Amino acid sequence: MKIVMLGAPGAGKGTQAKMIAAKYEVPHISTGDIFRANIKNGTELGRKAKEYMDQGLLVPDELTVDLVIDRLSQEDCKKGYILDGFPRTIPQAEALDAALAKRGEKMDYAIDVDVPDENIVNRMSGRRACTGCGATYHIVHNPSGKGDICETCGEVLVLRDDDQPETVQKRLTVYHDQTQPLIDYYTTQGILKAVDGTQDMNDVFTAITKILEA
Ligand code: ADP
Ligand code: AMP
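Counting restarts for each chain, with residues numbered from 1 along the sequence as it is written. For this description, chains carry letters from A and ligands carry numbers from 1, given in the order in which they are written. Residue-level local features of this predicted model are given only where pLDDT is at least 70; pairs of side-chain atoms are given and counted only at 80 or more, and the full residue set underlies all totals for whole chains, interfaces and linings. Remark: hydrogens and water are excluded; side-chain values derive from all non-hydrogen atoms of the structure.

Undergrad: Hey, could you run me through the sheet that holds strand 8 (residues 192-196) in this one?
TA: A pair of strands is considered paired only if DSSP assigns at least 2 bridges between the two. Helix and strand definitions here come from DSSP, where helices need a minimum of 4 consecutive H or I residues and strands a minimum of 2 consecutive E residues; each element is numbered from the N-terminal end. Pairing is parallel in the open sheet, where 5 strands are placed in the order 2-3-1-4-8. What marks the edges here is a single partner per strand, and that holds for strand 2 (28-30) and strand 8. Going across the sheet, the axis of each strand differs from the next one's by a mean of 25 degrees, ignoring polarity. Pairing geometry for strand 2 and strand 3 (residues 81-84), over 3 bridges, is parallel. Considered in strand 3, the bridge of His-28 is made with Ile-82. Taken strand by strand, helix 9 (residues 201-212) contacts strand 1 (2-6), strand 4 (109-114) and strand 8, and its axis lies near 155 degrees from that of strand 8. To obtain each axis, a line is fitted to C-alpha atoms, and for helices this fit is confined to the stretch in contact; angles are then taken between N-to-C directions over 0 to 180 degrees. In this analysis, two residues are considered to be in contact whenever any of their non-hydrogen atoms come within 4.5 Å of each other.

The structure is reproduced here in structure tokens:
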């Protein structure tokens, strides 16, 4: 089961990807999480990625594509994976398809979690991310039972630097310009499935499982 999650920043891709990964026992691969881990660990990649992320811009394809393709060749990806936040540009999608084709494989589903821009700013301003394990909460829709502390690992929860309202607007513009064209790309391939991401997160998940089990 190989899945690409599509949708605006804050649409709920990560939330759903984690639920799918747990249910179907496949790895959840988030490029945003990989970049944040590199920033936290002070790597050269993290330093370069942060320059773009803090401005709400995409990290250049040269820094992103090989990283993901390498990750997909690891043993735990043999029975599938969920890509969250990748591809984000047409060249990334083409590079992914080319790498899969070399192995005689192809993507199975592209799931578009559809949420209008009006809802996104609220989603992002209420999002709280764990500085330890990367778990995601929402102060209203999915609060931690321990306040500002992560229920899973006990580390502190923060508003991400790139979830400040000014940066969110920029990220939405970048999404519409560079990432939304992927909806047509995967529609043409016949694997695009859209779900209404404005529903309660459990209802979104039910809609996704219906697609995967149809
Ligand atoms: P993405 O990975 O697409 O950027 P997230 O999964 O991090 O988005 O979700 C963004 C924020 O919205 C988080 O705070 C999350 O808890 C919350 N959220 C996710 N899905 C829903 C939903 N269906 N209804 C309300 N809030 C949601
Ligand atoms: P996310 O956690 O998916 O919201 O990603 C956070 C930020 O990381 C994005 O705003 C981009 O700056 C960067 N990023 C994540 N994935 C990609 C990607 N596939 N291509 C380029 N930049 C990315």
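Undergrad: Just checking my understanding: could you explain helix 3 (residues 44-53) for this structure?
TA: An α-helix turns once per 3.6 residues; consequently, residues spaced three or four apart project the same way. Exposure classes here rest on a 1.4 Å probe applied to the protein chains alone. A residue is buried below 20% of its type maximum, exposed above 50%, and partly exposed in between. Regarding helix 3, the residues found buried are Leu-45, Gly-46, Ala-49 and Met-53. One face of helix 3 carries all of its buried residues, which in axial projection span an arc of 90 degrees. Buried positions along helix 3 lie against helix 2 (31-40), helix 4 (61-72) and helix 7 (165-179). Here, the arc refers to the directions that run from the helix axis to the C-beta atoms.

Undergrad: I tried to follow empty space enclosed by the protein on my own but got confused; where do I start?
TA: In this approach the atoms are scanned with a rolling probe the size of a water molecule, which exposes any empty space left behind. Two kinds of site are reported from a 1 Å grid over the protein atoms alone, namely cavities, where a 1.4 Å probe fits but cannot get out, and pockets, open sets with protein on both sides within 12 Å along at least five of seven lines, and residues are called lining when an atom falls within 4 Å of a point. Grid points are joined across faces, edges and corners, and a volume is the space filled by probe spheres set on the points. What the rule picks out here adds up to 1 cavity of 30 Å³ or more. In this structure, the largest cavity occupies an estimated 60 Å³ of space. Residue lining of the largest cavity: Met-5, Leu-6, Gly-7, Ala-8, Pro-9, Lys-13, Gly-85, Phe-86, Pro-87, Arg-88 and Thr-179, and that is the complete set.

Undergrad: Would you take a moment to explain the nonpolar core for this structure?
TA: When a protein is soluble and globular, its nonpolar side chains tend to lie buried together. Within the largest apolar cluster, 47 residues are counted, with the highest numbers of intra-cluster contacts made by Met-5, Ile-20, Leu-83, Leu-96 and Tyr-186. Sort the elements by how many residues they give to this core and helix 9 lands first, with 5 residues. Beyond its immediate stretch of four places on either side in the chain, Met-5 contacts Lys-13, Gln-16, Ala-17, Ile-20, Ile-82, Leu-83, Asp-84, Gly-85, Ile-111, Val-113 and Ile-208. Working definition of a nonpolar core: buried Ala, Val, Leu, Ile, Met, Phe, Trp, Tyr and Cys residues. They are joined through side-chain atoms within 4.5 Å.

Undergrad: Honestly, a nonpolar patch on the surface in this entry has me stumped. Any pointers?
TA: A contiguous nonpolar patch, built from Ile-149, Val-156 and Val-158 and spanning about 190 Å² of accessible area, is present on the exposed surface. You can see Val-158 is positioned in strand 7 (residues 157-158). Using a relative accessible area of 33% as the deciding quantity, one classes Val-158 as partly exposed. Exposure above 30% relative accessible area and the lack of any salt bridge qualify a residue for a patch; like charges then connect within 9 Å, and the nonpolar side chains Val, Leu, Ile, Met, Phe, Trp and Tyr within 5 Å. The Shrake-Rupley method, run with a 1.4 Å probe, gives the accessible areas here. Residue values count only the displayed protein chains as cover. We count a salt bridge whenever a side-chain nitrogen from Lys or Arg sits within 4 Å of a carboxyl oxygen from Asp or Glu.

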